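# Structure at a glance
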Number of protein chains: 2
Amino acid sequence: MERQKFKEYVATKGLKLTKKRDDILDEILTTEGHFDPEELFIRMKTKGSKVSRASVYRTIPLLLECGLIEEVERIDKHAHYEKVLGKQHHDHMICMKCGKVIEFFSPTLEMLQSELCQKESFTGIRHNLEILGYCGRCSK
Amino acid sequence: MERQKFKEYVATKGLKLTKKRDDILDEILTTEGHFDPEELFIRMKTKGSKVSRASVYRTIPLLLECGLIEEVERIDKHAHYEKVLGKQHHDHMICMKCGKVIEFFSPTLEMLQSELCQKESFTGIRHNLEILGYCGRCSK
DNA sequence: CATTAAATTGAGACATAGTCGCATTAAAAG
DNA sequence: CTTTTAATGCGACTATGTCTCAATTTAATG
Ligand SMILES: [Mn+2]
Ligand SMILES: [Mn+2]
Ligand SMILES: [Zn+2]
Ligand SMILES: [Zn+2]
């Protein structure tokens, strides 16, 4: 069904549904958790794919635009994404010691943000909340 | 008083309070709003300072650590900072069309985040919330 | 199926942000 | 003033991402 969504998106944009784009989507769909473009590219290469780095980087914005993936963090100078799939939107807590990532979702938080946007006459499209600190294990 | 704080920080760390570090702090203190390291460096160069790019980049983490500046955004692959000075902590809404940045602060939001951290046994140190969308003018 | 126009691709050059090693210089302690 | 230690500038280097362009693929049309 993700492929269908992508196909439709690509069609409405007058773009072509190519084998390479499909391969990239495939690899992302079978990836659990967060990923970054470079790592994705290397993984595909390792598996024998003939895809190029440029194509990986060029496909990511398309998948973002049609809502199949989201940017979740931008740390250490590079972007990280995750597939949206059945997952509902969530934000992240990141442990500065061990790197553990805790995903959380709070309807109250989302609501509050809507209110804050309204107050500023701002039309919020998306947001990114990262809480940095120490996980339970590392706080000790 | 900022210089004093920096001086103390530097002392406790066994570092030296050099003229260059002082110059960089100076330039930041006279900067209104957000800045990025590259722009700061160019500005200092233009004003005739002999400071090097490396020193600017090396001083920023020190100022972060002692709480004189904060990282506020990481967009377009590069980091942006702002001085903390009298300003209270706040988060940002960023217009994806005109680039306008709206600063806001909500005690409720801060409180809620504390609760969420507690629920996850997470010790939150700092956070970064960016809401992307369209400002009042650009929503029209 | 063949033709064709438009989009996509890979390769590698290029860009940008930031980091690092090392010889030289400056700070501060005695 | 001397000594020790840290900081500096320079430029090379790294990492992440973007761009150009010739060659290829797609998909629409006949
Ligand atoms: Mn996630
Ligand atoms: Mn701000
Ligand atoms: Zn941890
Ligand atoms: Zn705007």
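Analysis parameters
- Residues numbered from 1 in each chain as written.
- Chains lettered and ligands numbered in written order.
- Predicted model: local features only at pLDDT ≥ 70, side-chain atom pairs only at ≥ 80, totals over all residues.
- Heavy atoms only, no water.
- Helix = DSSP H or I, 4+ residues; strand = E, 2+ residues; numbered from the N terminus.
- Contact = heavy atoms within 4.5 Å.
- Donors = N, O, S within 2.8 Å, 3.2 Å for Na, K, Ca; no water.
- Tetrahedral: all angles 85-135°; square planar, octahedral: opposite > 155°, others 65-115°.
- Buried < 20%, exposed > 50% of the residue type's maximum accessible area, 1.4 Å probe, protein only.
- Buried area = accessible area lost by both parts, 1.4 Å probe.
- Salt bridge = Lys/Arg side-chain N within 4 Å of Asp/Glu carboxyl O.
- Polar contact = N/O pair within 3.5 Å; in protein donor to acceptor, adjacent residues only side chain to side chain.
- Least-squares fit on C-alpha atoms with pLDDT ≥ 70 in both.
- Core = buried A, V, L, I, M, F, W, Y, C linked by side-chain atoms within 4.5 Å.
- Domains from an automatic or database assignment.

### Some points on the environment of Leu25 of chain A
Residues and elements named next belong to chain A. Assignment of secondary structure puts Leu25 in helix H2 (residues 19-29). Separated by 44 residues in the primary sequence, Leu25 and Ile69 have C-alpha atoms spaced 9.8 Å apart. Residues contacting Leu25, with those up to four places away along its chain left out, are Glu2, Arg3, Phe6, Leu63 and Leu68.

### Describing the coordination of the manganese ion (ligand 2)
Residues and elements named next belong to chain B. All of the protein donors around the manganese ion (ligand 2) are His34 (NE2), Glu82 (OE), Glu82 (OE), His90 (NE2), His92 (NE2) and Glu103 (OE); their distances to the metal are 2.1 to 2.5 Å. Angles of 52 to 171° at the metal separate the six donor atoms of the manganese ion (ligand 2), which places the site in the irregular class. We note that the donor set of the manganese ion (ligand 2) lies within a single chain, spaced as H-x47-E-x7-H-x1-H-x10-E. The buried category is assigned to Glu82, whose relative accessible area is 5%.

### Describing the interface of chain A and chain B
Accessible area lost when the parts come together is the quantity often used to give the size of an interface. Facing the 34 residues of chain A at the interface are 34 residues of chain B. When chain A packs against chain B, close to 2,900 Å² is buried across both sides, 70% of that on carbon and sulfur atoms. Of all residues in chain A, Arg74, Phe122 and Arg126 of chain A bury the most surface against chain B, accounting for 20% of the area lost on that side. For the interface between chain A and chain B, the tally reads zero salt bridges. At the surface where chain A touches chain B, the tally comes to 12 residue pairs in polar contact (both at pLDDT 80 or more). Only strand E3 (91-95), strand E4 (101-104), helix H5 (107-119), strand E5 (123-134) and helix H6 (136-139) of chain A provide two or more residues apiece to the side of chain A that touches chain B.

### What about the relation of the copies chain A and chain B?
Expressed as a screw transformation, the operator carrying chain A onto chain B has a rotation angle of 180° and an axial translation of 0.0 Å, and the superposed copies differ by an RMSD of 0.1 Å. Accordingly, the operation relating the two chain copies is best matched by a two-fold axis. Residue Leu129 of chain A of chain A places its C-alpha closer to the rotation axis than any other residue of that unit, at 2.2 Å.

### Here we look at the nonpolar core
Buried together is how nonpolar side chains tend to be arranged in soluble globular proteins. Core analysis: the biggest nonpolar cluster contains 26 residues, and Met93 and Phe122 of chain A together with Met93 and Phe122 of chain B have the highest contact counts within it. Apart from the residues within four sequence positions on either side, Phe122 of chain A is in contact with Cys117 of chain A together with Met93, Ile94, Cys95, Ile102, Ile131, Leu132, Gly133, Tyr134 and Cys135 of chain B.

### Some details on the domain arrangement of chain A
Residues and elements named next belong to chain A. The domain architecture assigned to chain A consists of domain 1 (2-83) and domain 2 (91-133). Across the contact, seven residues belong to domain 1 and six residues belong to domain 2. The contact between domain 1 and domain 2 buries some 460 Å² in all, and 45% of this surface belongs to carbon and sulfur atoms. By the criterion of area lost to domain 2, the three top residues of domain 1 are His34, Val72 and Glu73, representing 61% of everything that side buries. At the boundary of domain 1 with domain 2, the tally comes to zero salt bridges. Summed over the shared surface of domain 1 and domain 2, the result is two residue pairs in polar contact (both at pLDDT 80 or more).

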